[in-house]
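Architecture at a glance
Below, each chain spelled out in residue letters.
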Amino acid sequence: MSSKPSVAERIDAIESAYEFMLAYAAQGRRGTEGGPSDEIRDYLERFQGALEGLGAACKAAVGEGSGAAALARFLPTLDADAEKAGAAIGLVTAQAAISSQKIDNLNASLHVRTLLTDMFLVSGMLPEDEAL
């Protein structure tokens with residue numbers, strides 16, 4: 001991802017990580033096997049990277065267009081939810097082994113689910129090339 005990824009790139013990183021997480025959680029991995037065990041760490045790191053500056057990126061994408069004032073009121077919520085989801089992801093990536101059980105718990109985390117829902121709400125306000 002570039003130094004300042006677009007909202008579309010951020011959404012792609014978040015969505016692809018979540019989809020990979022769902023598949024990984026079902027595999028019964030202990031996290032010490034290599035292969036997909038290493039790959040999950042890469043997905044999580046991209047997910048976490050996509051969260052940095054997410055609110056500001058959304059604000060820039062919407063600009064002064066329709067709904068900008070409503071988005072401005074929502075940005076503190078989006079930023080707080082991104083911070084919480086990022087903290088949960090950081091907790092998992094800090095561990096030596098990332099098992100399917102840990103990813104299943106992360107998938108179930110309200111912080112991750114809330115962030116995904118936030119992004120669905122915001123995407124409706126984004127220009128067509130930035131939306132979900």
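First, a word on what this report is: a plain description of the structure on this page. Numbering of residues begins from 1 in every chain and follows the order in which that chain's sequence is written. Given that the model is predicted, a residue must reach a pLDDT of at least 70 before its local features are reported, and side-chain atom pairs must reach 80 or more before they are shown or counted; all residues, however, enter totals for whole chains, interfaces and linings. Computation of side-chain values: all heavy atoms of the structure, hydrogens and water removed.

Moving on: the overall build of the protein. By definition, any uninterrupted DSSP run of H or I lasting at least four residues is a helix, any uninterrupted run of E lasting at least two residues is a strand, and each is numbered from the N terminus. The number of helices and strands found in the protein is six helices and zero strands. Going residue by residue from the N terminus, the α and β elements of the protein occur as α-α-α-α-α-α. Atoms counted for the radius of gyration: C-alpha only. Globule rule: 2.2 Å times residue count to the power 0.38. Relative to its length of 132 residues, the protein is compact, with a C-alpha radius of gyration of 15 Å against a globular reference of 14 Å. Reported as C-alpha extents along the three principal axes, the dimensions of the protein are approximately 50 × 25 × 20 Å. Three labels apply to residues, based on accessible area from a 1.4 Å probe with only protein chains included: buried if under 20% of the type maximum, exposed if over 50%, partly exposed otherwise in between. Going through the 132 residues of the protein one by one, you find that 42% of them count as buried. Once local pairs closer than 6 in sequence are excluded, the contacts in the protein between residues at least 24 apart make up 77%. Using a 1.4 Å probe, the Shrake-Rupley method yields the accessible areas, and only the shown protein chains count as cover for residues. Counting only carbon and sulfur atoms, one obtains 52% of the accessible surface of the protein, whose full area is about 6,900 Å². Residues scored as positive are Lys and Arg, those scored as negative are Asp and Glu, and His as well as the terminal groups of each chain are ignored. To locate a charge, the coordinates of NZ of Lys, CZ of Arg, CG of Asp or CD of Glu are taken. Computing the positive centroid from 11 side-chain charges and the negative centroid from 19, the protein places the two 6 Å apart. The contact rule is simple, with two residues in contact once any of their heavy atoms fall within 4.5 Å.

Time to look at the environment of Thr 77. Considering the arrangement of structural elements, one finds Thr 77 in helix α4 (residues 68–93). For the pair Thr 77 and Glu 52, spaced 25 residues apart in the sequence, the C-alpha separation amounts to 14 Å.

Turning our attention to the packing of aromatic side chains. Pairing of aromatic rings covers Phe, Tyr and Trp, the last through its six-membered ring, and needs centres within 6.5 Å; plane angles under 30 degrees mean stacked, over 60 mean edge-to-face, and all others mean tilted. For the structure on display, the rule yields two aromatic pairs. Note on Phe 20 and Tyr 24: the rings are 6.3 Å apart at their centroids and 25° apart in plane angle, and the pair reads as stacked. Of this pair, Phe 20 and Tyr 24 both sit in helix α1 (residues 7–25), four residues apart, which is roughly one turn of the helix. Taking relative accessible area as the criterion, Phe 20 reaches 18% and is therefore assigned buried. With 4.3 Å between their ring centres and 10° between their planes, Phe 20 and Tyr 43 make a pair best called stacked. Taken as a pair, Phe 20 in helix α1 and Tyr 43 in helix α2 (residues 36–51) lie far apart in primary sequence, 23 residues in all. We note that Phe 20, like Tyr 43, is buried. Taken together, Phe 20, Tyr 24 and Tyr 43 form an aromatic cluster joined through their ring pairs. The criterion is that NZ of a Lys, or CZ of an Arg, lies within 6 Å of the ring centre and within 35 degrees of the ring normal, and then a charge sits over that ring. A cation over an aromatic ring shows up here: Arg 46 above the ring of Tyr 43, its NZ or CZ 4.6 Å from the ring centre.

So, about α4. Taking 1.5 Å of rise per residue, 26 residues should cover 38 Å, and α4 covers 35 Å from first to last C-alpha, within 8% of that figure. In this analysis the local bend is the angle between axes fitted, respectively, to the seven residues ending at and the seven residues starting at the residue. At Phe 74, α4 shows its strongest bend, of approximately 40°, with the proline Pro 76 following within four residues. Helix span, expected: 1.5 Å multiplied by one less than the number of residues in the helix.

Here we take up the side chain of Ser 100. Note on placement: Ser 100 falls in helix α5 (residues 100–108). A distance of 3.2 Å separates the side chain of Ser 100 from the backbone nitrogen of Gly 28, its partner in a polar contact. Here a polar contact is recorded for every N or O atom pair within 3.5 Å, except that within protein the pair must consist of a potential hydrogen donor and a potential acceptor, and residues adjacent in sequence are included only if both atoms are side-chain atoms.

Working note: a packed helix pair is described by the angle between its axes plus the distance between those axes. Note on definitions: angles span 0 to 180 degrees between N-to-C directions of axes, and those axes are lines fitted to C-alpha atoms, for helices only across the stretch in contact. Between α1 and helix α6 (residues 110–123), the shortest axis-to-axis distance is 12 Å and the interhelical angle comes to 140°. With respect to each other, α1 and α6 are oriented oblique. For the pair α1 and α6, the sense of crossing is left-handed. Facing Ile 11, Ile 14, Glu 15 and Tyr 18 of α1, the residues of α6 in contact are Val 112, Arg 113, Leu 116, Met 119 and Phe 120. Under the convention adopted here, Pro, Cys and the residues Ala, Val, Leu, Ile, Met, Phe, Trp and Tyr are nonpolar, Asp, Glu, Lys and Arg are charged, and Gly plus all remaining residues are polar. Here the residues of the contact of α1 with α6 sort into seven nonpolar, no polar and two charged. Oblique is the label for every angle not falling under 35 degrees (roughly parallel), over 145 degrees (roughly antiparallel), or within 65 to 115 degrees (roughly perpendicular). Working rule for handedness: look at the near helix, and if it is turned counterclockwise from the far one by less than a right angle, call the crossing left-handed; if clockwise, right-handed.

Considering soluble globular proteins, one finds that nonpolar side chains tend to be buried as a cluster. Grouped together as the largest cluster of nonpolar side chains are 38 residues, with contacts concentrated most on Leu 44, Phe 47, Leu 51, Ile 103 and Leu 106. Secondary-structure elements contributing two or more residues to this core are α1, α2, α3 (54–62), α4, α5 and α6. No other element matches the 10 residues that α1 contributes to this core. When residues no more than four places from it in sequence are discounted, the contact partners of Leu 51 are Arg 10, Ile 14, Ala 82, Ala 85, Gly 86, Ile 89 and Leu 115. In plain words, nonpolar cores are sets of buried Ala, Val, Leu, Ile, Met, Phe, Trp, Tyr and Cys residues tied together by side-chain atoms within 4.5 Å.

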